[in-house]
Amino acid sequence: MKQQAVNRAIHNAGLKVEGEVKQSIAGRKSEPTSVDTGRFLNSVNTDNEKEFVSIVKTNVPYAKYLEYGTSRIAPRRHFQNSLARMSNEIKDMIRKALK
């Protein structure tokens, strides 16, 4: 039972981080907006197929340039900053599931 609760908490945390990343890409957080066509924003999703693993990802090839920057574009760090903002909330979700 406890394992199921922890697994659910991890998966829910992934979905919350996905939402935070999308908010960041859309310009609703401190990072610059990264929306031109909406392709990047719509490509962000959460993979919850494995037990105790939640991966927030994108398949857009240019995402790495937006995240880490280039010689012409400053890094926007949508994924890294979103995870950092959410880390305490994620820990709390998992702690509650462990009780």
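In the block above lies the structure referred to throughout.
Residues numbered from 1 in each chain as written. Predicted model: local features only at pLDDT ≥ 70, side-chain atom pairs only at ≥ 80, totals over all residues. Heavy atoms only, no water.

A closer look at the overall build of the protein
Okay, so step 1: What the protein contains, in helices and strands, is four helices and two strands.
Okay, so step 2: Counting from the amino terminus, the protein carries its helices and strands in the arrangement α-α-β-β-α-α.
Okay, so step 3: With respect to the three principal axes, the spread of C-alpha positions in the protein is 50 × 25 × 20 Å.
Okay, so step 4: Residues counted as buried form 33% of the 99 residues belonging to the protein.
Okay, so step 5: Once local pairs closer than 6 in sequence are excluded, the contacts in the protein between residues at least 24 apart make up 53%.
Okay, so step 6: Approximately 6600 Å² of the protein is accessible, and the part contributed by carbon and sulfur atoms is 50%.
Okay, so step 7: Of the side-chain charges in the protein, 18 are positive and 10 negative, and the distance between the mean point of each set is 3 Å. (Helix = DSSP H or I, 4+ residues; strand = E, 2+ residues; numbered from the N terminus. Buried < 20%, exposed > 50% of the residue type's maximum accessible area, 1.4 Å probe, protein only. Contact = heavy atoms within 4.5 Å. Areas by Shrake-Rupley, 256 points an atom, 1.4 Å probe, with all protein chains shown as cover. Lys, Arg positive; Asp, Glu negative; His and termini not counted. Charge placed at Lys NZ, Arg CZ, Asp CG, Glu CD.)

Structural notes on the nonpolar core
Okay, so step 1: Core analysis: the biggest nonpolar cluster contains 14 residues, and V17, V21, F40, V44, V56 and F79 have the highest contact counts within it.
Okay, so step 2: Of all the secondary-structure elements, those providing two or more residues to this core are α1 (2-25), α3 (63-68) and α4 (78-98). (Core = buried A, V, L, I, M, F, W, Y, C linked by side-chain atoms within 4.5 Å.)

With respect to the packing of α1 against α4
Okay, so step 1: Direction vectors running N to C along α1 and α4 enclose 155 degrees, while the axes themselves pass 9 Å from each other. Taken together, the axis directions place α1 and α4 in an arrangement best described as roughly antiparallel. With respect to the hand of their crossing, α1 and α4 are arranged in right-handed fashion.
Okay, so step 2: Its residues assigned to classes, the contact of α1 with α4 comprises 16 nonpolar, four polar and five charged. (Axes fitted to C-alpha atoms, helices over the stretch in contact; angles between N-to-C directions. Parallel < 35°, antiparallel > 145°, perpendicular 65-115°, else oblique. Left-handed = near helix turned anticlockwise from the far one by under 90°. Nonpolar A, V, L, I, M, F, W, Y, C, P; charged D, E, K, R; others polar.)

Some details on the pattern of salt bridges
Okay, so step 1: Counted according to the given criterion, the structure contains seven salt bridges.
Okay, so step 2: For K29, the salt bridge goes to E20, with nearest N and O atoms at 3.6 Å.
Okay, so step 3: Using a relative accessible area of 11% as the deciding quantity, one classes E20 as buried.
Okay, so step 4: Here K57 makes a salt bridge to D47, at a shortest N to O gap of 3.5 Å. Within this pair, whereas K57 is found in strand β2 (residues 55-57), its partner D47 is found in strand β1 (residues 45-47), the two being separated by ten residues in sequence.
Okay, so step 5: Given a relative accessible area of 36%, K57 falls into the partly exposed group.
Okay, so step 6: Linked by salt bridges that have partners in common, E20, K29, E31 and R85 make up one network. (Salt bridge = Lys/Arg side-chain N within 4 Å of Asp/Glu carboxyl O.)

What to know about α4
Okay, so step 1: Under the 1.5 Å per step criterion, the end-to-end length of α4 is 29 Å for 21 residues, consistent within 8% with the ideal 30 Å.
Okay, so step 2: Of all bends in α4, the biggest is about 50 degrees, found at S87.
Okay, so step 3: Among all positions in α4, only H78, F79, S82, M86, I90, M93 and A97 are buried.
Okay, so step 4: The inward-facing, buried residues of α4 abut α1, α2 (39-43), β2 and α3. (Expected span 1.5 Å × (residues − 1). Bend = angle between axes of the 7 residues up to and from the residue.)

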